[in-house]
Amino acid sequence: MVHHKEFEGAGKEPGLQVWRIESMDLKPVPKALRGSFYSGDAYLLLFTTAAPSYNIHMWLGEECSQDESGAAAIFAMQMDDFLGGGPVQYREVQDHESNTFLGYFKSGIKYQKGGVASGFQHVVTNDMNVKRLLQVKGRRAIRATEVEMSWSSFNKGDCFIVDLGKDVYVWCGSECNRFERLKASQVGIDIRDNERNGRAKLHMVEEGAEPDDLTKILGPVTTIAPSTPDDDKVESANRNKGALYMISDASGAMKVTAVAHSSPFKQAMLSPEECYILDNGMDKNIFVWKGPKANEKERKQAMAAAQEFIKDKGYSSKTQIQVLPQGSETTLFKQFFSDWRDKDETTGPTKAYSIGRIAKVEQVPFDAAMLHSNKAMAAQHGMVDDGKGKVQIWRVENGDKVPVDPASHGLFYGGDCYLILYSYRQGAREQHIIYTWQGLKCTQDELAASAFLTVQLDDSMGGAPVQVRVTQGQEPPHLMSLFRDKPMIILSGGTSRTGGQSQAGGTRLFHIRHSSAGATRAVEVDPSASNLNTNDVFVLKSPSALYVWRGKGANDEEVKAAKHVVSFLGGTPSQVSENKEPADFWSALGGKKEYQTSKSLQGIVKPPRLFGCSNKTGRLVVEEVPGDFTQSDLATDDVMILDTWDQLFIWVGNEANEVEKTGAPKIAKEYVDSDPAGRRGIPITTIKQGAEPPTFTGWFQAWDSKMWETDPLERVRARF
C-alpha cells in the first residue's frame, strides 16, 4: 500500500485537515488560513467525525493544471485506501462545491488569484502589505472571490471587501440587501480575526460615501455598474430525476450498463458484489456506490470511472461527484430510493439520531452529509484538543482585566465580558487560544475594552495565540469543554463582581443540553413552561422549592450536569420526571403551556434540513443552508422552509416580499410531493417571525426570542 508521511496524522482526531498540492506533494495549510483557496491550485481535505467516520474532498481551482488535479485524485485514492476504504469521497470544483464542503466554512470561502506555480504561499504573517479586492456573493453559502483591484470590478448589487492589510473596508452597493451586508460583514470580521490575528481595523463603506483612503488606492470613483443577476440555477423540476448504472470490469475494461432509467429506485437494485453510478447529471450530481464485496479494482477505480462517465455523457466539468461505501450513504443519495432503510449496525444515520446530541457512541449515528451541530463548528473553530490544558480567566472591569477566582470558573454572567486564555502543548510547542466572551447585557464600554485587552494580551505573547470572539449563547464546543466534568453555566444577566449577582428574580430556569462533541452547557432561560424540551434536563428554582426535571429523551450526562447547577443555586432538589410533575412545579412556571414534546426529536431518523426561498435575483430560488444551522440562519427578508421529516415548517420573515410569501408554500408542497421516499401529505405549518411555537424553536439550541428586537446588522457592526 502506497502511503505518504502526511497520512500518519490523518484522521487521528475529529475536525478538519487541509493540504495543498505543491510540486506533486502534499503540504498542510495552516489552521488560520483554512477556507482560503488559490484558484490556480488543487487541495485535499479530510473531515473526521468523533465516530470516527471520514469525508475526503478533492478541491480543484478553476485554473489548476491537469497535473495537479491528477495528483489530487491519486492522493485522495491513497488516503481512502489508508483509511480502510470507508470514507465518503467528494470531488469539488471551484464555485460548485457540495453543501457538505461549504458547511465546514460557516463564515464563507475565499478564492484568491494565482497559485503555488506563481509563488503564492499559505503563510500566516503579521505582514500588513496586502492589497486585494474580494467580491462577496451568496446568501446561504458565502463565497468571496478575488477580482481585479479597480472600480470597474464593482457593481451596485454586491458587497466588496477592499483588503489593505492594516485596514479592511466592507463596501456595500446601493442595491445590496441587509442580509448580504450582514454576511459580508462576517467575512470582514473573519479576515480580521483569523488572517490578521485581530490586528486589522474594519470600516463600513456605503456606495457614494467612499473615504479618501480608498480613492488613494483605487483612484477617483468611476460609474459603478448596475447589479447583475446570478447565473440561473437548474430549475427544481428535474431535481429528482436520476438513472442507475452498474460498473463492471468482467471483460477487463470498465463497462457501464443501465439498471434503471429513472428514479425512484428500489434499494434491492444495489447488489453488494457490484459498484454503481447514480446519474443525476442534470442537477450536476453523480454518485458512485461501492458494494462491500465488489472487487478491489472496481472499488479503487470508482472516482476515475465517474470522471470518465461525466466525459462520455457530455456533462459539465463542474459536476460534483460523491463516492459512497455501503453504510455511509448521504441524505442526497438516499432520496432517490423509495424504500431506503438503514441497517441499525451501520455508521449511517439510525433512529438514535436526535437533535443536539448523538446517542451512545457505539452506534455512531452520524450522517456525514449533514454535519451535525458541533461538527461544523468543530471543523471551523478546531476542536484542537480535549480541553485538559491550562485555563486562565479574567473579567473586564473599569477598562482593565481582573482575575476570576478559579472556584467560579465555568460561571458566565450575561452582564460581563471575559478573557479566557487557554494553553496546551502540541508536539514540543506550547500553543495558545484567547477566547473573548461577550455577555449580551454588558456595556458598550466593556465590549470595546474587551477587544482592546485581547489585542494587548495577544501582543504580550508575541502575537502567536489564536483569537476567538464568542457571543453569549454561541459558544464553540471547545470552549465548553474547558471546564472538565463541570458544565459551562451561562446566567442571563448580572455580573460576577462582588455584590453584582443580580438578585435572583425569585424564579429561575436553566436548560441543560449535552452536545455531540461531548461538552455540556446550562443556559438560563425565561422561567416559562414553553421553554421546556422533552430531550433535555431543566433545573427550576422558585422562592420555595428546587426541582430537577428530566425529559423523556434526556441522557445521564445532562442529569450529572444538573448537580453542578443545583450546587450553584443551593438547596435540596426534588427529582421530577416528565408527565409526573406536581402542581407546584407548574405554578412556579406560571402555569402549564405547550412545549417541545416532539417524539420525532427522540427517535429521529433523518437530520433536519433548512432551506431559504428568495427572489432577490429576480427569480424565486431555493437553497439549502450548509452545515449546522442556527437561529441566525433565518434570514428576516426571506421565507425559510424547515424540514423535520415528519412535518414541514414555512417560516415567514418580517421583510419577505409578496413573491416569496406566495411562492414558498407552492415550493414546500412540491418538495414534499416529489420526494421519492413518499412523504406526500405530511403536515405543512406556516409561522411568522416573532410568533414561533416551541415545536419549531426546539430544533434550534438556545433559541432567543429577543434576537430580532435589535437589528442583526447592528449587532454584527458592533463587533467592528
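The structure this text deals with has already been given above.
Position labels on residues start from 1 in each chain and follow its written sequence. Where local features are concerned, this predicted model is filtered to residues with pLDDT of at least 70; where side-chain atom pairs are given and counted, the filter is 80 or more; whole-chain, interface and lining totals use all residues. Here the side-chain values reflect all heavy atoms present in the structure, with hydrogen atoms and water set aside.

K.L.:
Teacher, can you tell me more about the overall build of the chain here?
P.N.:
Comment: elements are numbered from the N terminus, with helices defined as DSSP H or I runs of at least four residues and strands as E runs of at least two. Of the regular secondary structure elements, the chain holds 16 helices and 36 strands. Contacts are assigned to residue pairs that have any heavy atoms within 4.5 Å of one another. Long-range contacts, defined as pairs at least 24 residues apart, comprise 66% of the intrachain contacts of the chain with a sequence gap of at least 6. When the accessible surface of the chain is split by element, carbon and sulfur atoms take 51% of a total near 29600 Å². To be clear on the numbers: accessible area is Shrake-Rupley with a 1.4 Å probe, and residue cover counts the displayed protein chains and nothing else.

K.L.:
Would you take a moment to explain the packing of aromatic side chains for this structure?
P.N.:
What describes a pair of aromatic rings is the distance from one ring centre to the other and the angle between the planes of the rings. The criterion for an aromatic pair is that two Phe, Tyr or Trp rings (for Trp, the six-membered ring) have centres within 6.5 Å, with stacked assigned to planes under 30 degrees apart, edge-to-face to planes over 60 apart and tilted to the rest. Taken as a whole and judged by the stated rule, the model has 37 aromatic pairs. Between Phe47 and Tyr104 the ring centres are 4.8 Å apart and the planes differ by 20°, which places this aromatic pair in the stacked class. With Phe47 in strand S4 (residues 42-48) and Tyr104 in the loop between helix H2 (99-102) and strand S7 (109-112), this residue pair connects regions lying 57 residues apart in the sequence. Neither Phe47 nor Tyr104 differs from the other in exposure class; each is buried. Relative to Tyr111, the ring of Trp59 has its centre 6.1 Å away and its plane inclined at 25°; by these criteria the two rings are stacked. Here Tyr111 lies in strand S7 and Trp59 lies in strand S5 (residues 54-60), a separation of 52 residues in the sequence. The burial state of Trp59 is the same as that of Tyr111; both residues are buried. Buried residues are those whose accessible area, probed at 1.4 Å on protein chains only, stays under 20% of the maximum for their type, while exposed residues exceed 50% and partly exposed ones sit between those limits.

K.L.:
For this particular structure, what's the right way to read the side chain of Glu446?
P.N.:
With respect to the secondary-structure elements, Glu446 resides in helix H9 (residues 444-460). Beyond its immediate chain neighbours, meaning those up to four positions away, Glu446 contacts Val396, Gly415, Cys417 and Arg497.

K.L.:
Is there a simple way to explain the pairing of strand S16 (residues 285-290) in this structure?
P.N.:
When a strand is regular, its side chains alternate between the sheet's two faces. Burial within S16 is extensive, with six of its six residues counted as buried. In S16, alternate side chains face the same way, and those of Asn285, Phe287 and Trp289 on one face and Ile286, Val288 and Lys290 on the other are all buried. We call two strands paired when DSSP finds no fewer than two bridges between them. Judged from the six bridges that link them, strand S15 (residues 275-280) and S16 form a sheet pairing that is antiparallel. The partner of Ile277 across the bridge, within S16, is Val288. The hairpin formed by S15 and S16 contains four residues between the paired strands, and Lys284 there has a positive phi angle of roughly 60°.

K.L.:
Please explain the sheet that holds strand S35 (residues 648-652) as it appears in this structure.
P.N.:
As a general point, the strands of a sheet are linked pairwise by backbone hydrogen bonds and lie either parallel or antiparallel. Reading across the sheet, the five strands line up as S33-S32-S34-S35-S36 and stay open at both edges, with mixed pairing between neighbours. The open sheet terminates on both sides in strands that have one partner only, identified here as strand S33 (621-624) and strand S36 (684-688). For this sheet, the mean angle separating the axes of adjacent strands, direction not counted, is 20°. Bridging between strand S32 (residues 609-614) and strand S34 (residues 639-643) involves five bridges; their strand directions are antiparallel. What sits directly across from Arg609, in S34, is Asp643. To define axes, lines are fitted to C-alpha atoms, for helices over the stretch in contact only, and angles between the resulting N-to-C directions are given on a 0 to 180 degree scale.

K.L.:
What am I meant to see in unusual backbone geometry here?
P.N.:
In terms of backbone geometry, most residues other than glycine have negative phi values and most peptide bonds are trans. Although it is not a glycine, Met24 adopts a positive phi angle of roughly 60°. With respect to the element layout, Met24 can be found in the loop between strand S1 (15-22) and strand S2 (25-28). Located in the positive-phi region is Asn579, a residue other than glycine, with phi close to 75°. Note on placement: Asn579 falls in the loop between strand S31 (574-577) and helix H12 (583-588).

K.L.:
Would you take a moment to explain helix H14 (residues 658-673) for this structure?
P.N.:
Look at H14: 23 Å from first C-alpha to last across 16 residues, which is about the 22 Å you get at 1.5 Å a residue. We define the bend at any residue as the angle between the axes fitted to the seven residues before and including it, ending there, and the seven starting there. Taking the largest bend as the criterion, H14 deviates by roughly 30°, centred on Ala664, and proline Pro665 comes between one and four positions later. Looking at H14, one finds that the buried residues are Glu660, Gly663, Ala664, Ala668 and Val672. Looking at the packing, one finds that the buried side of H14 touches S32, S34, S35 and S36. Measuring from the backbone nitrogen of Val659 back to the side-chain oxygen at the start of H14 gives 3.3 Å, which picks out Asn657 as the cap. One less than the residue count of a helix, multiplied by 1.5 Å, gives the span that helix is expected to have. Polar contact criterion, stated in full: a pair of N or O atoms within 3.5 Å, where within protein one must be able to donate a hydrogen and the other to accept it, and residues adjacent in sequence count only if both atoms are side-chain atoms.

K.L.:
Quick question: what am I supposed to make of the sheet that holds strand S26 (residues 488-491) here?
P.N.:
Strand order in the open sheet made by the seven strands is S22-S26-S28-S27-S29-S30-S31, with mixed pairing throughout. Strands at the two margins of the open sheet, each flanked by one partner only, are strand S22 (411-413) and S31. Within this sheet the neighbouring strands show an average axis-to-axis angle of 20°, counted without direction. Bridge analysis of strand S30 (residues 546-550) against S31 gives four bridges, and the strand direction is parallel.

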